[in-house]
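Architecture at a glance
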Amino acid sequence: PESETNSYDLSNNVTRLVDFMKRASTMHLTQFFWEYTNHLSKQKIGEGSTYNVYKCEFNSGFVGAVKRAKGFLPLASNNKASEMEFQIMTTMLTEMRVLNHIPLREHPNVIQLLGYGWEYLDFGLCPFVVLEFADFGSLDQLLISRAEKLSAADRLNICMDVLSGLEALHSCDITHGDLKLENVL
């Protein structure tokens, strides 16, 4: 019967949510629940296949980059999460685990993961991660705005920083998989 299917879907959604939360809580990261929903400002600064990225200023004065998942986890019995939404949660958890990995956690050329949370929507929960905000934006933005002002030494330093970050990932047997100017901060 349909009601049994909906009940199973809801139970499955809650089970996956609890599993995600258990895994995330083992990382000892800050949980940005209330702070995110009550932020002072939110400006969209980027977009990928899995996330929308916002610059957020929180009430405390803290500025961070919030990567909000494009999918959500429905918590109503008449909604069923798609495989894509579960894949988004898996991708998010993988990114959190990579960025929280000890050799990468404080590497100067790897963006710092500061926390995670859930945005409560009328139809479910939408996960997000909070990263340090890159004041100068992405490398493509820097090259567009200041290309003529960058000396050969500056360009070489940028290349060395990118290579240092990649070397750190590769030493942990991690492949970036989407290296492009927009993803170099």
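Residues numbered from 1 in each chain as written. Predicted model: local features only at pLDDT ≥ 70, side-chain atom pairs only at ≥ 80, totals over all residues. Heavy atoms only, no water.

1. Focus on helix H6 (residues 152-171)
For clarity, the threshold we go by: Counting from the N terminus, the helices are the DSSP runs of H or I reaching at least four residues and the strands are the DSSP runs of E reaching at least two. Residue count minus one, scaled by 1.5 Å, sets the expected span of a helix. Classification of residues uses two cut-offs on accessible area relative to the type maximum, computed with a 1.4 Å probe and protein chains only: under 20% is buried, over 50% is exposed, and between them is partly exposed. The arc in question is the one traced by the directions running from the helix axis out to the C-beta atoms. What makes two residues a contact is simply this: any of their non-hydrogen atoms within 4.5 Å.
The terminal C-alpha atoms of H6, which comprises 20 residues, lie 28 Å apart, in line with the 28 Å expected from a rise of 1.5 Å per residue. Here H6 has its buried residues at Gly 165, Leu 166, Ala 168 and Leu 169. Viewed along the axis of H6, the buried residues span an arc of 155 degrees, placing them on a single side of the element. Across from the buried face of H6, at angles greater than 90 degrees, the exposed residues are Ala 152, Leu 156, Leu 163, Glu 167 and Ser 171. In this structure, the buried side of H6 is in contact with helix H3 (83-99) and helix H4 (102-105).

2. Some thoughts on the confidence of the model for the protein chain
The line we're drawing: One number per residue, pLDDT, summarises how confident the predictor is, and it ranges from 0 to 100.
Averaged over the protein chain, the pLDDT score is 80; the fraction of residues at 70 or greater is 79%. When mean pLDDT is taken per element in the protein chain, H6 scores highest with 96 and helix H2 (residues 34-37) scores lowest with 57. Segment residues 1-8 is flagged for pLDDT under 50; beyond a separation of four residues in sequence, or across chains, it makes two contacts in the model.

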